[in-house]
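The residues making up each chain are set out below.
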Amino acid sequence: MASHKNYSQRDRKHLDADAFKSPENFETNNVNELMLKSFDDMKDKWREYCSYFRHYPDHFLDFISPPDSKIQLYFYQRIYLRIMLRYRKVYLTATRGTSKSYLQNLAYILKCIFYPKTRLFICAPGKEQATKIVSEKLDEIFDHYPMLKSEVKDISLQKDYIRVIFHNGSRYDVVQMSDATRGGRRFGGAIEEIADKKFNGDVLNSVIIPLMANNRTSMSGSIDPNELHKSEIYITTAGTQQQFAFEKLREVYNEMMDGKSAFCIGNSYELPCLYEQLDIDFVEALKDSPTYSIMDFMREYESLWTGSSSDSLVSDEKLNKTRIVGVAEWEHCGSENIEYVLAYDVSRNEGDENALSCLVVYKITPKSNGNYIKEVVNIFSMEGQHSQLQAKFLKQKVNEFKASILVIDANGLGVSVVDNLVLDLDDGNPPYSVVNDDRYDKYQAENSIPMVFALKSQNKETRESDMINHFMQTFAKMDVGLLKSPHEGIKDLEKKTKHKIKDSDEISRLQIPYVLTDILCEEIMNLKYKQSGNDTKVERVSSRIKKDKFSALMYGLFWIHLKEQNNKIQPAFVSNVLDYLYIS
């Protein structure tokens, strides 16, 4: 409908030669003069239609739909389509089942038809990913609206590239998120999954956005002042507030609030469930599943951007960069110069699945300067149990890892666990003694071993504010290693053991510390720091997400810090003495 020549009768003998087939060339038509006169008589009406359909694209789809159409757009889909064609910048944060990619591709197909010789693109973190999205959605769109396919002159499809050329000279293709794309020209683009962790915001700003430096020239040879040039559509599920994607969202949102041609919109799972595009029972089951991450649910199904942007405890980028430990450990590695530090956060709410105790296992390797290479090699988590059962569990882990120290939260309920640790529990393990609190000396037996560091946040040596500040500094310097993702971890375990792990139960068991590390990272990203005078505190952004694993991680890090400081005292003293020696 973009050109009146589409309504003429084609004489196939007068087609352009193959050598001249390009997006800019048109098929030669033997124009039927009677039809052309009829069109000229109705030209004003056609102008009105074209203007109307550019603003109400859903009505155009109704107009061209066959009587037995397989699809009827839902109300929200009509709204989203109108927004995509009416605003220069659109940012859509939507859950699964919203048909967001379908609507974006449909909007760009319509735009290519409505605006002759336009050039639009789509990009995603992976070129193959973008190609797959477009290919699948085009099949659906042309199946639902066969008349749209008649406007297409050619579709070129490869593994990592797709290009759609229209009879009116418009073109829609995939561009790569790399420097190789630099120098091209487009008039608008869609950016898929901008919240993906692999998405490179620098490439978007320096390579992709500059593709749209020029405006489309209309068929009259001039720039249409009423056209929205340089269209940008961002389609994604939610991520974290520290990502580039959230910065871009705020940019579009601020432009919308300033009255510019921009629109921010989103929806949670309730909307597609309302239209039966998602199974509400399936979603609710995921929400209640103890193995499904709360943070993942908030992002994927509630379209909530998690974490804090301005006062986050740790940057998302640096947290991800610390996940470098490939092989989890369940016992001492056997090397004499390596120590293991266990750090435990205590909980005792029996039967409450949200009240968890957590044990973090540190593997520390000494460096020449008195510091340590710090790696978290395992995490154990369990529901709150009786303090004696917790004490027995801890003694078992101390044995398995031949731990040098057990750092334990001795605030509140933790006191009861410490009280049990200093006793003989008739479990084959000796009683422990507390190394930093002489009030426990009266319980010390002949066979007690110095093992427990009872950490109390109100003590001067272990103030909570100091621990939080040290935690932030450690991650700012990326001076600790966390376990990789479950998939990467299993691959590294297979590489170490030199055999493929096929048993599903074994894989599930081996994945536990990696999954718990995922949850640990979510807890960290859910925290923001708050300055109160000279004290630093942490607050949870979402109260649904606990911080037991964060606490255990922080306790262990601070004890290692104290040990590193102690290691440096003696060398410093020796150095000062040597300064006064004179050797002739």
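Everything in this summary refers to the structure shown in the same document. (Residues numbered from 1 in each chain as written. Predicted model: local features only at pLDDT ≥ 70, side-chain atom pairs only at ≥ 80, totals over all residues. Heavy atoms only, no water.)

Another aspect to go through is the nonpolar core. Residues Leu 61, Leu 106, Leu 148 and Tyr 172 are the most contacted members of the largest nonpolar core, which totals 46 residues. Of all the elements, helix α5 (residues 100–114) adds the most residues to this core, at 10 residues. Core analysis: the second largest hydrophobic core is formed by 41 residues, Met 298, Val 314, Phe 453 and Leu 455 among them. (Core = buried A, V, L, I, M, F, W, Y, C linked by side-chain atoms within 4.5 Å. Buried < 20%, exposed > 50% of the residue type's maximum accessible area, 1.4 Å probe, protein only. Helix = DSSP H or I, 4+ residues; strand = E, 2+ residues; numbered from the N terminus.)

Our next topic: the environment of Val 398. Position of Val 398 among the secondary structure elements: in helix α14 (residues 387–401). Using a relative accessible area of 4% as the deciding quantity, one classes Val 398 as buried. For the pair Val 398 and Met 451, spaced 53 residues apart in sequence, the C-alpha to C-alpha distance is 9.0 Å. Residues contacting Val 398, with those up to four places away along its chain left out, are Leu 342, Ala 403, Leu 406, Tyr 432 and Met 451. (Contact = heavy atoms within 4.5 Å.)

A word on the packing of helix α3 (residues 57–64) against helix α4 (residues 75–86). α4 packs onto α3 with a crossing angle of 115° between their chain directions and a minimal axis gap of 8 Å. Contacts between α3 and α4 involve Pro 57, Asp 58, His 59, Leu 61 and Asp 62 from the former and Arg 78, Leu 81, Arg 82 and Leu 85 from the latter. (Axes fitted to C-alpha atoms, helices over the stretch in contact; angles between N-to-C directions.)

Let us look at unusual backbone geometry. At Lys 117, a residue that is not glycine, the phi angle is positive and equals roughly 60°. Notably, Glu 193 is not glycine yet its phi reads approximately 50°, a positive angle. The exposure class assigned to Glu 193 is buried, which follows from its relative accessible area of 19%.

Bringing the pattern of salt bridges into the picture now. Considering all chains together, one arrives at 32 salt bridges under this definition. Between Asp 58 and Arg 82 there is a salt bridge, with its nearest N and O atoms 2.9 Å apart. A residue pair is termed long-range when its members are at least 10 positions apart, and Asp 58 in helix α3 and Arg 82 in helix α4 qualify at 24 residues. Accessibility classification places Asp 58 together with Arg 82 in one group, the buried group. (Salt bridge = Lys/Arg side-chain N within 4 Å of Asp/Glu carboxyl O.)

Spatially, the eight strands line up as an open sheet ordered β3-β4-β5-β2-β6-β7-β1-β8, and their pairing is mixed. At either margin of the open sheet sits one strand with a lone partner, and together these are β3 (152–158) and β8 (262–267). On average, each strand axis in the sheet is tilted by 10° relative to the strand beside it, whichever way the strands run. Sheet topology places strand β2 (residues 119–123) next to strand β6 (residues 188–192); four bridges connect them, and they run parallel. Residue pairing for β6: Ile 122 is matched across the bridge by Ala 190. (Pairing = 2+ DSSP bridges.)

With that settled, the discussion passes to the pairing of strand β7 (residues 231–236). Within β7, six of the six residues are buried, leaving the element largely enclosed by the surrounding structure. Sheet topology note: the strand β1 (residues 89–94)/β7 ladder contains five bridges and is parallel. When the sheet's bridge partners are listed, Val 90 is paired in β7 with Ile 233. Bridge count between β6 and β7: five bridges; the pairing is parallel. Across the sheet, residue Ile 191 finds its bridge partner in β7, namely Tyr 234.

This paragraph deals with helix α17 (residues 486–497). Spanning 12 residues, α17 covers 16 Å between terminal C-alpha atoms, matching the ideal 16 Å at 1.5 Å per step. Burial in α17 covers these residues: Pro 486, Gly 489, Ile 490, Asp 492, Leu 493 and Glu 494. (Expected span 1.5 Å × (residues − 1).)

One open sheet accounts for six strands, arranged β12-β11-β10-β13-β15-β14; its pairing is mixed. In this open sheet, the two edge strands, each paired with only one partner strand, are β12 (372–383) and β14 (432–434). On average, each strand axis in the sheet is inclined to that of its neighbour by 25°, with strand direction left out of account. Pairing between strand β13 (residues 405–409) and strand β15 (residues 449–455): four bridges, direction parallel.

Turning next to the pairing of β1. Burial analysis of β1 places six of its six residues in the buried class, which makes it a mostly covered element. Residue alternation in β1 divides its side chains into two sets, Lys 89, Tyr 91 and Thr 93 and Val 90, Leu 92 and Ala 94, and both sets are buried. Alignment of β1 against β8, held across six bridges, turns out to be parallel. Its bridge partner lying in β8, Thr 93 is registered against Gly 266.

Spatial relationships are all this shows, so hold off on functional conclusions.
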